[in-house]
Amino acid sequence: MASRKKPVLMAQDKLAFLLSLVPYLMDHDRVSVAEVATHFGMTPEQIREAVRLIGVSGIPGETQSYQHEDLFDISWDDLEENDQIVLTHRVAIDDSPRFSAREAAALIAGLQYLSALPENSDRTAIATLMAKLSRGASGAPNQVAVESTESDATLGLIRQSVTTGVQIEFDYRGARGKTERRHVDPLRVESMDADWYLRGWDHLRGAVRTFRLDRISNPAITSEPIAFAAKDVSLPEMLFEGSKSDLLVTIEVEASAASLLADYVTEGAVTTHANGRVRTTIRVSHYHGLKRLLASMPGVATVIEPPEARRAVAEWAEAGAARYR
Amino acid sequence: MPVEERLFSLVLALLASEHGLTKSEILSTVQGYRQRFAISGDNSNLERQFERDKDDIRELGVPLEMIEVGADTGTNQNVRYRIPRGDYELPGDISFSPEETTLLNLAAMVWREGSLSGESRRAMLKLRSLGVTSDDPVIGYAPRLRVREAAFEPLNSALERHVLVRFEYLKPGELSARVRTVAPIALIQHQGRWMLHGEDQDAAGTRNFLLRRIVSAVTTTSKRYEPFPPEATATALRELDEIWQQRTAIVEVEPDSDAATRLHKRRGTTVLPDGTLQLHYSDANIFADEIAGFGPEAVVRSPQPLRDAVRDRLIRTAADHG
């Protein structure tokens with residue numbers, strides 16, 4: 001699993017965490033701060049802070065004055081000396097909270113989006129899971145739906161390659177138009193909206209490469225063992241990383257469509273607005289990708305400079321138009 | 001005192017109280033309020049604080065109820081607040097297996113950027129509360145679904161509160177935007193585009209609105225509508241799929257090109273005996289953009305309007321860059 005930054009929690013998140021932590025601690029007679037931190041994906045200090053707060057919280061009680069028996073209690077010595085959590089007295093809370101309607105909706109839509117994964121191929125199991133989420137929500141989940149797709153055969157093979165520890169091979173056509181047979185150790189499958197990618201160790205290039213799944217053809221499992229597994233390679237969080245050899249291109253785009261190009265905009269780019277259009281600088285690794293991108297946004301985005309980039313787009317579009325004469 | 005301590009104390013107090021607490025009981029006794037409560041004085045700041053806290057707590061899915069008791073309704077003295085345990089707690093028969101937990105982790109990861117990231121983060125905390133450890137999938141996945149359209153958040157919130165929305169919509173193929181008043185039924189992602197499925201109040205029928213064609217800010221009205229049954233969403237998805245099934249285009253692709261590889265792999269593509277591809281699409285304008293991107297590698301044979309649309313797009317792009 002990709003390494004991720006520990007979350008910065010807002011007050012609402014902290015409340016959700018406190019309400020979730022109490023039932024967890026009720027089910028664990030004695031548990032280390034480290035184990036709880038791992039389980040909840042937080043830092044040990046975030047856990048200690050929450051446990052200390054729980055330890056002094058409670059209900060006003062009959063006396064309306066928060067007497068000892070109306071408060072949670074923990075074994076303070078265990079916490080301070082052994083970094084262990086032992087809940088010794090509890091009040092008010094018996095069980096885990098329900099999901100909110102929006103939370104359940106987010107998870108249900110997420111499951112729908114992931115329907116192409118081989119792990120999701122059991123549709124009955126997924127339907128059961130979604131029904132449980134709906135029933136476990138405090139209100140009818142908001143209707144947010146994502147079109148489901150068929151299980152992707154390439155994803156199945158990638159999974160098989162990892163499970164059996166052998167390389168996967170496939171024909172790959174790069175954006176420059178050249179097709180090569182690639183041998184790859186799969187490291188991670190990523191997606192960005194409708195587009196799916198495989199990141200893996202590419203034996204042809206001797207480096208980590210990103211492959212678009214829809215540019216892969218004739219995939220097959222080889223008999224060659226993999227050289228690298230996901231745990232051996234630290235993958236950068238960003239799917240697309242800038243490189244020194246990137247080309248800078250100034251473009252003008254309709255303000256309403258500017259977000260479509262946000263991934264390409266260079267860091268610190270000067271952006272100006274005029275007549276509902278935005279002028280900014282994007283980076284591309286070559287003009288082959290640029291011409292395809294711009295031709296798919298007709299009238300919406302225009303290359304301003306350099307002239308070679310304008311020419312690349314113009315020639316691509318002209319060659320396309322010529323086929324209709 | 002940290003905000004979460006006050007919120008936590010309020011939830012605990014309301015959960016523990018069987019008959020509920022009045023506002024003045026809350027303000028005078030609950031941790032975080034009582035320290036600032038003036039016995040004979042103006043507590044209006046504290047009351048406003050309580051109103052905001054209630055909203056924050058409800059947003060987490062905690063059913064904070066207001067009940068009126070006694071004959072003299074409408075006065076604050078008779079209003080009591082409580083959190084009914086049965087509506088608060090996850091039903092006892094709901095549990096998640098390690099495999100299900102793994103899938104839910106992935107489903108939450110989908111939203112790690114943008115509008116639903118807070119919801120999915122909090123849902124994961126609640127899931128982990130149950131103590132189930134997930135199996136790590138054999139291969140790491142990093143799925144990501146982004147909602148770039150600013151309209152998503154106000155529409156989702158209107159969907160939750162069942163109130164009508166108003167926005168300017170630029171229909172594909174039209175030159176100027178028109179104001180629409182809509183009862184939202186569902187937010188749907190189909191063929192990679194987000195749309196609002198809703199009942200158009202002026203056209204008296206359901207319509208799909210592409211979020212990226214909403215050209216104004218979304219105005220949320222206070223006019224409520226009767227919630228639609230959940231089946232309405234499934235019906236909308238099915239209808240969208242039927243449209244996609246019905247609309248086909250014949251496209252000739254350059255052999256061994258990027259267009260050939262990618263269009264072959266597009267969902268539902270069939271290769272015809274003469275080597276051309278039959279492709280399905282939902283929206284002619286979006287599909288024409290997609291095909292235009294392939295430049296000389298893909299040529300639409302039919303239908304004629306789509307053929308013209310792609311040609312015009314390519315001529316436009318060439319002219320813009322000439």
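Quick caveat, the model's predicted, so the values are computed rather than measured.

Chemist: Any chance you could break down the packing of helix α1 (residues 11-27) of chain A against helix α6 (residues 117-129) of chain B for me, citing the residues and the numbers?
Modeler: Axis angle and axis distance: for two packed helices, these are the angle between their axes and the distance between the axes, and together they describe the pair. Contact geometry for α1(A) and α6(B): axes closest at 8 Å, N-to-C directions at 10 degrees. It follows that α1(A) is roughly parallel to α6(B) by the angle criterion. Contacts between α1(A) and α6(B) involve D13(A), A16(A), F17(A), S20(A), P23(A) and Y24(A) from the former and R121(B), R122(B), L125(B), K126(B), R128(B) and S129(B) from the latter. Looking at the contact of α1(A) with α6(B), its residues break down into five nonpolar, two polar and five charged.

Chemist: Account for the sheet that holds strand β10 (residues 248-253) of chain B, naming residues and giving values.
Modeler: Sheet architecture is open: four strands sit in the order β11-β12-β10-β13 (chain B), paired in antiparallel fashion. The outermost strands of the open sheet, each flanked by one partner alone, are β11 (270-271) and β13 (298-302) of chain B.

Chemist: Provide a residue-level description of the nonpolar core, including the pertinent values.
Modeler: Formed by 121 residues in total, the largest nonpolar core has its most connected members in L107(A) and V11(B). The greatest single-element share of this core, amounting to nine residues, is contributed by α1(A). With near-sequence residues (within four places) excluded, V11(B) lies in contact with L19(A), I57(B), V62(B) and I83(B). Counting 43 residues, the second-largest nonpolar core is a separate cluster that includes Y264(A), A312(A), V253(B) and L306(B).

Chemist: Tell me about the confidence of the model for chain B, and name the residues and values.
Modeler: The predicted model of chain B has a mean per-residue pLDDT of 90, with 97% of residues at 70 or higher. The ipTM value of the predicted complex is 0.89, and its pTM value is 0.87.

Chemist: Can you explain the sheet that holds strand β11 (residues 247-254) of chain A? Please cite residues and give values.
Modeler: Working definition: the strands of a sheet are paired by backbone hydrogen bonds and lie parallel or antiparallel to each other. Residue and element names in this part refer to chain A. Pairing is antiparallel across the open sheet formed by four strands, whose spatial order is β12-β13-β11-β14. Each end of this open sheet is capped by a strand with a single partner; those strands are β12 (272-274) and β14 (301-305). Taken pair by pair, the neighbouring strands of this sheet meet at an average axis angle of 35 degrees, ignoring direction. Where β11 and β14 come together, four bridges link them in antiparallel fashion. Opposite E252, over in β14, you have T302 as the bridge partner. Running over the sheet, helix α9 (residues 307-322) touches β11 and β14 and is turned about 145 degrees from β14.

Chemist: For the packing of α9(A) against helix α11 (residues 304-320) of chain B, give the residues involved together with the corresponding values.
Modeler: The geometry of α9(A) relative to α11(B) is characterised by a closest axis approach of 8 Å and an angle of 150 degrees between their N-to-C directions. Judged by the inter-axis angle, α9(A) sits roughly antiparallel to α11(B). Judged by the sense of rotation from one axis to the other, the crossing of α9(A) with α11(B) is left-handed. When α9(A) is examined against α11(B), the residues V313(A), A314(A), A317(A), E318(A), G320(A) and A321(A) are found in contact with a partner set consisting of R311(B), L314(B), I315(B), T317(B) and A318(B). Counted by class, the contact of α9(A) with α11(B) contains seven nonpolar, two polar and two charged residues.

Chemist: Break down helix α1 (residues 3-16) of chain B for me, with residues and values.
Modeler: End to end, α1(B) covers 20 Å across 14 residues, agreeing with the expected 20 Å (1.5 Å per residue, within 8%). Along α1(B), eleven of the 14 residues are buried, which leaves the element largely enclosed by surrounding structure. Those residues of α1(B) not exposed but buried are E4(B), R6(B), L7(B), F8(B), S9(B), L10(B), V11(B), L12(B), A13(B), L14(B) and L15(B). Those residues of α1(B) hidden inside the fold are in contact with α1 of chain A together with β1 (21-22), α2 (23-29), α3 (44-59), β3 (79-82) and α4 (85-88) of chain B.

Chemist: Give me unusual backbone geometry: which residues, what numbers.
Modeler: With an omega dihedral of 0 degrees, the bond running from E305(A) to P306(A) counts as a cis peptide bond. Within the secondary structure, P306(A) sits in the loop between β14 and α9. For the bond from S302(B) to P303(B), the omega torsion is 0 degrees, close enough to zero to count as cis. Mapped onto the fold, P303(B) is located in the loop between β13 and α11. One non-glycine residue, D83(A), lies in the positive phi region at around 60 degrees. For D83(A), the location among the structural elements is in the loop between α4 (76-82) and β3 (84-85).

Parameters at a glance
Residues numbered from 1 in each chain as written. Chains lettered and ligands numbered in written order. Predicted model: local features only at pLDDT ≥ 70, side-chain atom pairs only at ≥ 80, totals over all residues. Axes fitted to C-alpha atoms, helices over the stretch in contact; angles between N-to-C directions. Helix = DSSP H or I, 4+ residues; strand = E, 2+ residues; numbered from the N terminus. Parallel < 35°, antiparallel > 145°, perpendicular 65-115°, else oblique. Contact = placed C-beta atoms within 7 Å. Nonpolar A, V, L, I, M, F, W, Y, C, P; charged D, E, K, R; others polar. Pairing = 2+ DSSP bridges. Core = buried A, V, L, I, M, F, W, Y, C linked by C-beta atoms within 7 Å. Buried ≥ 20, exposed ≤ 12 C-beta atoms within 10 Å, placed from the backbone. pLDDT = per-residue confidence, 0-100. Left-handed = near helix turned anticlockwise from the far one by under 90°. Expected span 1.5 Å × (residues − 1).

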